Amino acid sequence: MMEEKGIDLENLSDELLQPLSQEERNTEEISRESVSYWKNCWRRFRKDKLAMTGLIILIIMTLLAIFVPIFSPYTYDQTDFLAMLQWPSAKHWFGTDKMGRDIFVRTMYGARISLSIGFAAAAINMVIGVLYGGISGYLGGKVDLVMMRIVDILTGVPSLLYIILIMMFLGSNVQSILIAMCMTYWITTARMVRSQIFTLRGQDFALAGKVIGETKWQILIRHLIPNSMGSIIVTVTFLIPSAIFQEAFLSFLGIGIQVPMASWGTLANDAIEYLFTYPYQMLFPAAAISITIFALNFIGDGLRDALDPRLKK
Amino acid sequence: MKKKKAISLLLCTAMAAGVLSGFAGNEDTTASVEKNATETTKEGEKVLKFSISAEPETLDPGMNNYTNSSTVLQNLFMGLYQVGPDGALTNGCAESYTMSEDGLTYTFTLKDGLKWSDGSDLTAGDFEYAWKRALAPDTASPGAWYLYYIKNGEQYNSGEVSADEVGVKALDDKTLEVTLENPTSYFLDLTAVSVFFPVKQETVEAEEPWTKSGDTYVCNGAFKIEEINPQESYILVKNENYAYADDVKLDEVDLILIESAEAALSAFNAGEVDMIDTVSTQGLTQYAGSEELKSFDLIGTYYYDFNCSKEALSDARVRKALSMALDRETLLMAVNPSNPKPAYAFVPYGIPYGDTGEEYRDVVGDLITEDVEAAKELLAEAGYPNGEGFPTLTLITQNSQDKKDTAQVMQAMWKQNLGVNVEIVTYESKVYWDEQKAGNFDICYDGWTGDYPDPSTNLECFLASRNETQCRWSGELADQYNSLLLENRSLIDANERAANFEEAEKILMEEMPIIPLYYRNAQLLINTRVTGVIKSYIGHTLFKYGDIQE
């Protein structure tokens, strides 16, 4: 057939094999650099000054929490009865408490506990919430009905009640605080994920997955959940400060972690009796809580703006 | 975005304003106290405003077994004897008494002209009625156990014998004969306890409950009730029919209910109240060393129990080492701004040594020496040199701030001085006592305040029957201790008893099943215009001797 058209493939003339001119080449190229979804989000996030400040503060706080207790000459439970109730000085940056313990180290050690509780609670809640909400939303029908009524019942029970019960059975320590928080915190995430999945599951790409024979589980994990990741991450970011607050609140009530360990909540609680006489003891842990919560909230705000394409300006 | 910034700015401003106003509130303290002083004197009446932290549990002395109501009842009623203005026992309704030789029968002669607050006569029969009423099984009084010292009191209370067999009898209107179960050298002190107060039969048996309003309330003490405002205040006015009415200087006492110690302190600072009796740490620090803050020693001890049934703690040398390695003065300086006396033995100050007129504590002296080196040696002898091989101990305590703090200081001292590691577990107070009873501890917080000035009230804490749920101390010496105390129950000679108590306490401190930390005290924060108010050795506030200086 080819020969009939008269093109001799063996002996092509050089004329036919000229490279394209630069101009012709560029016509096919996408002029803008290809940007992935996440890269795009990061670009938008970076522009949000408040959110970036929040992120930097959080990173500094995390680094301090990790390294201060390692490199400080003091430890969180080291008492010095010759240096009790000292105001902030070069030797003790945040002063000392009534047992002569260095408040700077204690605040940073408290950051370890408060931040790790915050992140751990958020991570655990994300996993439970996403799976629960995803299953409920994707399967729908009776399964959804039952699963959501269970959630309703759990919301109906005052959380402080079973938190105290858990503390009584498991003792007051970091693990039981985490367990107590994980009992209900996932509910918000679960509800949010469910409604997301509900809207996504009827869309074409989900249907396509079904057509090519993917299992329900694969569709949920590979397609639906990644597509609702934006709102999940935002919800989780807001979970962290509320978990830190909850821990501070529980410790403040005296059902949190055990002495002499310190979290921001117990530090604030210890300082309350000296509020008028030695106010610095309350100032530093309270400031640490406020700053971190602000930072996390700003990050959350920034992420929401960055991750939601519909909010694009 | 703009809106968000505005909100965060608003929040910051609000927080800063809150902090600032908190500090500002502290400054005008002195000014308002003075302002208030003129306000009260204008009326020409002496009115004392006293903030109480909890409502009296009951106003019926026969039903009383509680601290808050005791404070009020001690000022509303008067027993046969009473705690006097100097804290020592003095005559109340009784003019005099005689005691039989076996120490079992007391005959009291009442004062002339005793009257109830409604003007009717008070007789010996009212005492007999009141005591039998409190003991009657139908009354179910929680304070009935105080009357078990009276012959057949316990049996009548449990329904085994009739009321006629109880050892109290009014021989005539002015003579009361009391027969006791065992000789009790401190019986006179007991007659000042509220369950021993007389009550008026007609009032108590009236159809309407008598303790709910000032109109129906009849008493015989320095004050009577004018008004009861539940959850708010109790207005007491001077009782003109009181036997010692001439000595009462105050015209009115307002008991104002302020639950939080911090709020009470603010009210005191603002001059809204003249006196508060639950002083917060804040108040203790703020008024430390000032004339307003008064401290009273109680006959109680703050201590920790060892669980002697645990293997590591079954060795008395280990227990002694742990007790000796503490520095009690430093501990108190760090965590207790009320300056209590450190306890180097168990029986507190304020208790007499027999009838020598001297303090028991001064005669017997200190029985614990704090010595870190000696403690280390003892621990090494017991097989744990420098704490090596010694298990981590679990110390349980309640989750209130002062108790947590005390535990942390002890923990730090033991670690530093002996190399012994202690883990602290805190519980809410109700759960705490269950845990203690169940023995889920190595070391646990405990405390005891006695009821009458006799060493038995403290030392009987470690009778074998009570040890089972507390320090679980047993063995030959524990038995010896037990029998010494039981023997003392039937002894009459005061000095012989005191010698036995001394021997028993020395055994206790040699074996050290407990760690005494300090002797309890109680504080009153009083406006300097107010004089004469004291706390009794049990901790009841007596304002019947109070006065307000012009």
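Residues numbered from 1 in each chain as written. Chains lettered and ligands numbered in written order. Predicted model: local features only at pLDDT ≥ 70, side-chain atom pairs only at ≥ 80, totals over all residues. Heavy atoms only, no water.

### A word on the overall build of chain B
The test is simple: Numbering of helices and strands runs from the N terminus; a helix is a DSSP stretch of H or I covering at least four residues, while a strand is a stretch of E covering at least two. Each radius of gyration reported is based on C-alpha atoms, and the globular scaling rule is 2.2 Å times the count of residues to the power 0.38. The buried label goes to any residue with under 20% of its type's maximum accessible area, the exposed label to any with over 50%, and the partly exposed label to all in between, with areas taken from a 1.4 Å probe on protein chains only. Between two residues, a contact is recorded if the distance between any of their heavy atoms is within 4.5 Å. Where accessible areas are quoted, they stem from the Shrake-Rupley method and a 1.4 Å probe; at the residue level, only the protein chains shown are allowed to cover. In summary, the charge assignment counts Lys and Arg as positive and Asp and Glu as negative, without counting His or the chain termini. One atom stands in for each charge, and that atom is NZ of Lys, CZ of Arg, CG of Asp or CD of Glu.
Per the secondary structure count, chain B includes 19 helices and 20 strands. A globule of 550 residues ought to have a C-alpha radius of gyration of about 24 Å, and chain B, at 26 Å, matches this closely. Expressed as a percentage of the 550 residues in chain B, the buried residues total 56%. Restricting the contact set of chain B to residue pairs at least 6 apart, pairs at least 24 apart contribute 68%. Put simply, chain B shows about 23000 Å² of open surface, and 48% of that area lies on carbon and sulfur atoms. Between the mean site of the 43 positive side-chain charges and the mean site of the 90 negative ones, chain B shows a separation of 7 Å.

### Regarding the overall build of chain A
The number of helices and strands found in chain A is 14 helices and 0 strands. Start at the N end of chain A and walk to the C end: the helices and strands fall as α-α-α-α-α-α-α-α-α-α-α-α-α-α. Rg of the C-alpha trace for chain A: 28 Å, well past the compact-globule value of 20 Å for 313 residues, more than 25% over. Burial analysis of chain A (313 residues in total) assigns 46% to the buried set. For chain A, the accessible area works out to roughly 17200 Å², and carbon and sulfur atoms hold 66% of it. Treating the 26 positive side-chain charges of chain A as one cloud and the 26 negative ones as another, the clouds have centres 12 Å apart.

### Some points on a nonpolar patch on the surface
Residues and elements named next belong to chain A. Applicable threshold: Grouping into patches uses exposed residues only, defined as over 30% relative accessible area, and leaves out salt-bridged ones; the cut-off is 9 Å for like charges and 5 Å for nonpolar side chains (Val, Leu, Ile, Met, Phe, Trp, Tyr). Here, a salt bridge means any Lys or Arg side-chain nitrogen found within 4 Å of an Asp or Glu carboxyl oxygen.
A contiguous nonpolar patch, built from Leu160, Ile164, Leu165, Met168, Phe169, Leu170, Ile179, Met183 and Phe249 and spanning about 830 Å² of accessible area, is present on the exposed surface. With 6 residues, the top contributor of residues to the nonpolar patch is helix H7 (residues 159-170). Along the chain, Phe249 turns up in helix H12 (residues 229-253). The exposure class assigned to Phe249 is partly exposed, which follows from its relative accessible area of 39%.

### Quick look at a negative patch on the surface
Residues and elements named next belong to chain B. Together, Glu208, Asp215, Glu226, Glu227 and Glu232 give the surface a local cluster of negative charge. Take Glu226: it is sitting in strand S8 (residues 223-229). Among the residues examined, Glu226 registers a relative accessible area of 46% and is labelled partly exposed.

### So, helix H14 (residues 401-418) of chain B
All names here are of chain B. What counts here: The span you would expect from a helix comes to 1.5 Å times its residue count less one.
Taking 1.5 Å per residue, 18 residues should reach 26 Å; H14 reaches 25 Å between its end C-alpha atoms and fits that length. A large share of H14 lies buried, amounting to 15 of its 18 residues. Once H14 ends, the next one or two residues include Gly419, with phi positive near 70°.

### Observations concerning the interface of chain B and chain A
Counted only if it meets this: The quantity reported as buried area is the accessible area (1.4 Å probe) lost by two parts once they are put together, taken as the sum for both. Whenever a nitrogen or oxygen atom comes within 3.5 Å of another N or O atom, the pair is scored as a polar contact, on the condition that within protein one atom can donate a hydrogen and the other can accept it, and that pairs from neighbouring residues in sequence are kept only if both atoms are in side chains. In this classification, Asp, Glu, Lys and Arg are treated as charged, Ala, Val, Leu, Ile, Met, Phe, Trp, Tyr, Cys and Pro as nonpolar, and every other residue, Gly included, as polar.
The interface of chain B with chain A comprises 30 residues on the first partner and 29 residues on the second. Taken over both partners, the interface formed by chain B and chain A buries close to 2600 Å², and the fraction arising from carbon and sulfur atoms is 59%. Together, Gln282, Gln401 and Gln408 of chain B form the three largest contributors to the area buried by chain B at its contact with chain A, with a combined 20%. At the junction of chain B with chain A, the criterion picks out 1 salt bridge. In this assembly, chain B and chain A are joined by 3 residue pairs in polar contact (both at pLDDT 80 or more). Secondary structure elements with two or more residues in the side of chain B that touches chain A: helix H1 (2-24), helix H9 (281-286), helix H11 (328-335), H14 and strand S14 (422-427) of chain B. Within the side of chain B that touches chain A, the residues separate by chemical class into 13 nonpolar, 13 polar and 4 charged.

### Focus on the state of the cysteines
All names here are of chain B. The line we're drawing: Our working definition of a disulfide is a cysteine sulfur pair at a distance within 2.5 Å.
Taken as a whole and judged by the stated rule, the model has 0 disulfides over all chains. Of the cysteine sulfurs around Cys93, a residue in no disulfide, the closest is that of Cys219, at 11 Å. Look at Cys93 and you get buried, because its relative accessible area is 0%. Of all cysteine sulfurs in the structure, the one in Cys471 sits closest to Cys461, which takes part in no disulfide; the separation is 9.6 Å.

### Some points on the packing of H11 of chain B against H14 of chain B
How two helices pack is summed up by the angle between their axes together with the distance between the axes. All names here are of chain B. Spelled out, the test is: Note on definitions: angles span 0 to 180 degrees between N-to-C directions of axes, and those axes are lines fitted to C-alpha atoms, for helices only across the stretch in contact. For this classification, under 35 degrees means roughly parallel, over 145 means roughly antiparallel, 65 to 115 means roughly perpendicular, and everything else is oblique. Less than a right angle of anticlockwise turn of the near helix away from the far helix marks a crossing as left-handed, whereas a clockwise turn marks it as right-handed.
Packing of H11 against H14 brings their axes to within 10 Å, and their N-to-C directions diverge by 140°. Taken together, the axis directions place H11 and H14 in an arrangement best described as oblique. Crossing of H11 against H14: the hand is right-handed. Counted together, Thr330, Leu331, Ala334 and Val335 of H11 and Asp405, Thr406, Val409, Met410 and Met413 of H14 form the full contact between these two elements.

### A short note on the pattern of salt bridges
Taken as a whole and judged by the stated rule, the model has 28 salt bridges over all chains. Close ionic contact of Lys174 of chain B with Asp112 of chain B constitutes a salt bridge, the shortest N to O distance being 2.4 Å. Taken together, the positions of Lys174 of chain B in the loop between strand S6 (168-172) and strand S7 (175-179) and Asp112 of chain B in the loop between strand S5 (105-110) and helix H4 (124-135) put the pair 62 residues apart, joining distant regions of the chain. Accessibility expressed as a relative area gives 33% for Lys174 of chain B, which makes it partly exposed. The class for Asp112 of chain B is exposed, based on a relative accessible area of 58%. Salt bridges linked by common partners bring Asp97, Arg101 and Arg106 of chain A together as one network.

### Some remarks on unusual backbone geometry
Residue and element names in this part refer to chain B. Look at Ala140: it is not a glycine, yet its phi comes out positive at around 50°. Positionally, Ala140 belongs in the loop between H4 and helix H5 (153-157). The backbone phi angle of Asn339 is positive, close to 55°, even though this residue is not glycine. In this fold, Asn339 is placed in the loop between H11 and helix H12 (360-364).

### Describing the pairing of strand S9 (residues 233-238) of chain B
Residues and elements named next belong to chain B. Rules: Two strands pair under a simple rule: DSSP has to find at least two bridges between them.
With 6 of its 6 residues buried, S9 lies for the most part within the structure. Sheet analysis places S8 next to S9, joined by 6 bridges and oriented antiparallel. Bridging from a neighbouring strand, Ile228 pairs with Tyr234 of S9. Once S8 ends, the chain turns through 3 residues before running back antiparallel as S9, passing Gln231 with a positive phi of about 60°.

### Points about the confidence of the model for chain A
Our working definition: A residue's pLDDT is the confidence the predictor assigns to it, expressed on a 0 to 100 scale.
Residues of chain A with pLDDT of at least 70 account for 93%, and the chain-wide mean is 84. For chain A, the element scoring lowest by mean pLDDT is helix H1 (residues 2-5) of chain A, at 53; helix H4 (residues 49-71) of chain A scores highest, at 92.

### Some words on the domain arrangement of chain B
Residue and element names in this part refer to chain B. Let me state the cut-off plainly: Here the bounds of each domain stem from an automatic or database domain assignment.
Split by domain assignment, chain B resolves into domain 1 (75-204) and domain 2 (299-522). The interface is formed by 12 residues belonging to domain 1 together with 10 residues belonging to domain 2. Between domain 1 and domain 2 the total buried area reaches about 780 Å² when both faces are included, carbon and sulfur atoms providing 61% of it. Together, Pro183, Ser185 and Tyr186 form the three largest contributors to the area buried by domain 1 at its contact with domain 2, with a combined 50%. The interface formed by domain 1 and domain 2 includes 0 salt bridges. Run the count over domain 1 and domain 2 and you get 3 residue pairs in polar contact (both at pLDDT 80 or more). Of the residues contributing to the side of domain 1 that touches domain 2, the split by class is 6 nonpolar, 3 polar and 3 charged.

### Some points on the environment of Val409 of chain B
With respect to the secondary-structure elements, Val409 of chain B resides in helix H14. We classify Val409 of chain B as buried; its relative accessible area is 0%. For Val409 of chain B and Asp274 of chain B, which are 135 residues apart along the polypeptide, the C-alpha to C-alpha distance reads 35 Å. Setting aside chain neighbours within four positions, we find Val409 of chain B in contact with Phe81 and Met99 of chain A together with Leu331, Ala334 and Val335 of chain B.

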